Amino acid sequence: MPDPLLDSLIELIRRTSAELPDDVNAALVRSLESEKKGTIAESALKIIERNIELAKRKSQPICQDTGSVVFYVQCPVGYDQIQFEETAREAVKQATKRGFLRQNSVDSITGRNDGTNLGPGAPAIHFHQHRFPQLEVCLILKGGGCENVGAQYSLPAEKLEANRDLDGCRRVILDAVLQAQGKGCGPGILGVCIGGDRATGYEFSKQQFLRFLGDRNPDPVLDALEQDILKTANELGIGPMGFGGRTTLLGVKICAANRVPASYFVSVSYMCWAFRRQGVVMGPDSSIQRWLY
Ligand code: SF4
């Protein structure tokens, strides 16, 4: 029996895995233009560009690590989340069979890979209700290499002379960039949350990846911090893949969450150049009405 939700989710997975969104492509093109001609940085970005073009043309994964599969679902009140979860799991299984996702998920205790990309926490699905009739589904495929260089700091951090203030936040965020150099497949994008408990901080930091790369933070204090970190990081000379150059980061997105007075966490999530995120608005019949990125 035809299942339009299943078809829409498989197409969302295929497109997310094979095509970078326009805002990320545009940022990569700008960074290629800004690198000095004949440098390793320029060559690295040209190779990245070729891989992106090839993946799109052949409808195959941009990177062999198709990453953790993370859905963000905005659904109307009363929506059947159990049904969605079952369909999303089937979509992941079928997308894996068709090669849109690599067999990339293993049992953490035994190391066994059953080839389905399914298991506890896989895929991860975050539901949020909204007061609109339509279903919006975003998907992020989060690579392992860049996930490994994410970091959470508890301020004060004496070694970095980072106190519980904005300058302290700036210091630890830039430390995360320094620690990630040569790893994490830069140029990268940072998602940061200041505050929250440990789990909420990381969750909010990852939600920052749903923002458009070119947007500006509506909070002027956080906006200034984003611009400052982006500029400073790109003056560090780390460059694409750590080969040196002008493009260390493509974007910095920062939010804040309330914290208890006893804690001050800064959670930094790092996304590699293979910034695979897409989203769709679905109609009443669960067909794709509009692409979000
Ligand atoms: S970090 Fe990103 S680009 Fe690097 S191997 Fe993983 S998914 Fe691929």
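Residues numbered from 1 in each chain as written. Predicted model: local features only at pLDDT ≥ 70, side-chain atom pairs only at ≥ 80, totals over all residues.

Student: Looking at this model, I keep getting lost on the overall build of the protein chain. Mind explaining?
Tutor: For the protein chain, the helix and strand inventory stands at eight helices and nine strands. Relative to the 2.2 N^0.38 estimate, which gives 19 Å for 293 residues, the radius of gyration of the protein chain is 19 Å and therefore close to what a compact globule would have. For the protein chain, the C-alpha atoms occupy an extent of roughly 60 × 50 × 40 Å along the three principal directions. Across the 293 residues in the protein chain, those meeting the buried criterion constitute 42%. Within the protein chain, counting contacts between residues at least 6 apart in sequence, those at least 24 apart form 75% of the total. (Helix = DSSP H or I, 4+ residues; strand = E, 2+ residues; numbered from the N terminus. Rg over C-alpha atoms; globule rule 2.2 N^0.38 Å. Buried ≥ 20, exposed ≤ 12 C-beta atoms within 10 Å, placed from the backbone. Contact = placed C-beta atoms within 7 Å.)

Student: Please clarify how the packing of helix H1 (residues 4-18) against helix H4 (residues 81-97) should be interpreted in this entry.
Tutor: A pair of packed helices is characterised by two quantities: the angle between their axes and the separation of those axes. At their nearest, the axes of H1 and H4 sit 9 Å apart, and the two run at 50° to each other. Classified by the angle their axes make, H1 and H4 are oblique. Where H1 crosses over H4, the handedness of that crossing is right-handed. Here Leu5, Leu6, Leu9, Ile10, Ile13 and Arg14 of H1 lie close against H4, whose contacting residues are Thr87, Ala88, Glu90, Ala91, Val92, Gln94 and Ala95. When the residues that make up the contact of H1 with H4 are grouped by side-chain class, the tally is nine nonpolar, two polar and two charged. (Axes fitted to C-alpha atoms, helices over the stretch in contact; angles between N-to-C directions. Parallel < 35°, antiparallel > 145°, perpendicular 65-115°, else oblique. Left-handed = near helix turned anticlockwise from the far one by under 90°. Nonpolar A, V, L, I, M, F, W, Y, C, P; charged D, E, K, R; others polar.)

Student: When you look at the sheet that holds strand E9 (residues 288-291) in this model, what are you seeing that I'm missing?
Tutor: Sheets are built from strands paired through backbone hydrogen bonds, the pairs being either parallel or antiparallel. In spatial order, the strands read E2-E1-E3-E8-E9; together these five strands make up an open sheet with mixed pairing. The open sheet has two edge strands, strand E2 (124-130) and E9, and neither has a second partner. With strand direction ignored, the average angle separating the axes of adjacent strands in the sheet is 20°. Direction of pairing for strand E8 (residues 276-282) relative to E9: antiparallel, over a ladder of three bridges. (Pairing = 2+ DSSP bridges.)

Student: So what exactly am I meant to see when it comes to the nonpolar core here?
Tutor: The tendency in soluble globular proteins is for nonpolar side chains to be buried as a group. The biggest cluster of nonpolar side chains holds 74 residues, and the ones touching the most others in it are Ile13, Ile173 and Val266. Domain assignment of the residues forming this core places at least three in each of domain 1 (4-15 + 62-143 + 276-291) and domain 2 (145-271). In this structure Val266 touches Tyr153, Leu155, Cys169, Val172, Ile173, Val192 and Ile194, once residues within four positions along its chain are discounted. (Core = buried A, V, L, I, M, F, W, Y, C linked by C-beta atoms within 7 Å. Domains from an automatic or database assignment.)

Student: Even after reading the chapter, I still don't get the site of the ligand, so can you show me in this structure?
Tutor: Around the ligand, a shell composed of Cys63, Asp65, Gly67, Gly143, Gly144, Gly145, Cys146, Gly184, Cys185, Cys272 and Ala274 is seen. When we break the shell around the ligand down by domain, the ones giving at least three residues each are domain 1 (4-15 + 62-143 + 276-291) and domain 2 (145-271). (Near = placed C-beta within 6 Å.)

Student: Help me understand H4 in this model?
Tutor: For an α-helix, 3.6 residues make a turn, and residues three or four places apart therefore share a direction. The terminal C-alpha atoms of H4 lie 24 Å apart, and with 17 residues this matches the ideal 24 Å at 1.5 Å per residue to within 8%. The set of residues buried in H4 consists of Phe84, Thr87, Ala88, Ala91, Val92, Ala95 and Thr96. Looking one or two places after H4, you find Gly99, whose phi comes out positive at around 85°. (Expected span 1.5 Å × (residues − 1).)

Student: How do you make sense of H1 when you look at a structure like this?
Tutor: In this model H1 runs 21 Å from its N-terminal to its C-terminal C-alpha over 15 residues, within 8% of the 21 Å that 1.5 Å per residue would give. Burial runs high along H1: 11 of the 15 residues are buried. All of the buried residues in H1 are Leu5, Ser8, Leu9, Ile10, Leu12, Ile13, Arg14, Arg15, Thr16, Ser17 and Ala18. In this structure, the buried residues of H1 make contact with helix H3 (40-58), H4, strand E3 (135-142), E8 and E9.

Student: Would you mind going over the domain arrangement of the protein chain with me for this structure?
Tutor: One frequent convention defines the size of an interface as the accessible area lost when the parts assemble. Here the protein chain is described as being made up of domain 1 (4-15 + 62-143 + 276-291) and domain 2 (145-271). With seven residues of domain 1 at the interface, the matching set in domain 2 holds six residues. Among the residues forming the side of domain 1 that touches domain 2, the class breakdown is three nonpolar, one polar and three charged.

Student: Could you clarify how one ought to interpret unusual backbone geometry in this entry?
Tutor: Residues apart from glycine generally show negative phi values, whereas peptide bonds are mostly found in trans. The amide bond that connects Ala122 to the next residue, Pro123, takes the cis arrangement and shows omega of 0°. Along the chain, the position of Pro123 falls in the loop between H4 and E2. Cis peptide bonds are those with omega within 30 degrees of zero, and the linkage from Gly186 to Pro187 qualifies with 5°. Residue placement: Pro187 occurs in the loop between helix H6 (166-179) and strand E5 (188-195). Even without being glycine, Glu161 reaches a positive phi, approximately 50°. Glu161 sits in the exposed class, given 10 other C-beta atoms within 10 Å.

Student: Mind showing me how you'd approach the pairing of E2 here?
Tutor: For a regular strand, the rule is simple: side chains alternate between the two faces of the sheet. Direction of pairing for strand E1 (residues 68-76) relative to E2: parallel, over a ladder of seven bridges. Looking at the pairing, Val70 lines up with Ala124 of E2. For the handedness criterion, the β-α-β arrangement of E1, H4 and E2 is classed as right-handed. (Right-handed = clockwise from strand over helix to strand, strands pointing away.)

Student: I'm lost on the environment of Gly239 in this one. Help?
Tutor: Its location among the elements puts Gly239 in the loop between helix H8 (220-234) and strand E6 (249-257). Under the C-beta neighbour-count criterion, Gly239 is labelled buried, with 25 such atoms within 10 Å. Counting along the chain gives 58 residues from Gly239 to Gln181, while the straight-line C-alpha distance between them is 8.4 Å. Ignoring any residue separated from it by four or fewer positions in sequence, one finds Gly239 in contact with Ala41, Gly244, Gly245, Arg246, Thr247 and Thr248.

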